[in-house]
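Summary of the model geometry
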Amino acid sequence: MSDSSDITKEELSAQLKSSVYLMVAKMVEERLKDLQTPNQNDENPISATPTFIATLVELTFNQIINLGEDLELFARHANRTTVKPNDLYMVTRKNDVLTQYLKEIEQKLTTKED
């Protein structure tokens, strides 16, 4: 493996997309197993096509990229180079349930550190 400074933006993007693909495919597989009923015969199992998984990966990857760009912009706007939880709350400000959930996770994490 080459030094991390030798990795181009395109190579890094491909590595990230590959990681996203593996995680999304695993999550879809696990969810499909959850949807199978114990009495269901194997004649017509629920499945996901490769096209569905690839589309879901594209959607997820694009959302990750957009989230990262938004977080960087909020931090830069605050004259910082470090992304903080408040930047994430700015991104999720229109979704009260998600924002509250993220704040609860932050609280648990900060409690563990103390």
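In this text, all values refer to a predicted model and were calculated from it rather than measured experimentally.

Quick look at the overall build of the protein now. For the protein, the count of helices and strands is 4 helices and 0 strands. Scanning the protein from its N terminus toward the C terminus, one meets helices and strands in the order α-α-α-α. The buried share among the 114 residues of the protein stands at 12%. If you take every contact in the protein between residues at least 6 apart in sequence, the share linking residues at least 24 apart comes to 38%.

What follows concerns the environment of Asp87. Within the secondary structure, Asp87 sits in helix H3 (residues 85–91). The class of Asp87 is buried, set by a relative accessible area of 3%. Through-space distance from the C-alpha of Asp87 to that of His77 is 10.0 Å; in sequence the pair is 10 residues apart. Ignoring any residue separated from it by four or fewer positions in sequence, one finds Asp87 in contact with Leu71, Phe74, Ala75, Arg80 and Thr82. Of the polar contacts made by the side chain of Asp87, one reaches the side chain of Arg80; its length is 2.8 Å.

Attention shifts here to helix H2 (residues 50–77). If you check H2, its first and last C-alpha atoms are 40 Å apart, about what 28 residues at 1.5 Å a residue would give, namely 40 Å. In the core, the buried residues of H2 are packed alongside helix H1 (9–35) and H3. Just downstream of H2 lies Asn79, where phi reads positive at about 60°.

What follows deals with H1. When the terminal C-alpha atoms of H1 are compared, their 38 Å separation across 27 residues agrees well with the 39 Å that a helix rising 1.5 Å per residue should span. Within the sequence span of H1, burial applies to Val20, Val24, Val28 and Leu32. Among the structural elements, H2 are those in contact with the buried residues of H1.

Thresholds, definitions, all that
Residues numbered from 1 in each chain as written. Predicted model: local features only at pLDDT ≥ 70, side-chain atom pairs only at ≥ 80, totals over all residues. Heavy atoms only, no water. Helix = DSSP H or I, 4+ residues; strand = E, 2+ residues; numbered from the N terminus. Buried < 20%, exposed > 50% of the residue type's maximum accessible area, 1.4 Å probe, protein only. Contact = heavy atoms within 4.5 Å. Polar contact = N/O pair within 3.5 Å; in protein donor to acceptor, adjacent residues only side chain to side chain. Expected span 1.5 Å × (residues − 1).

So far we have only geometry, and geometry alone does not tell us how the molecule works.
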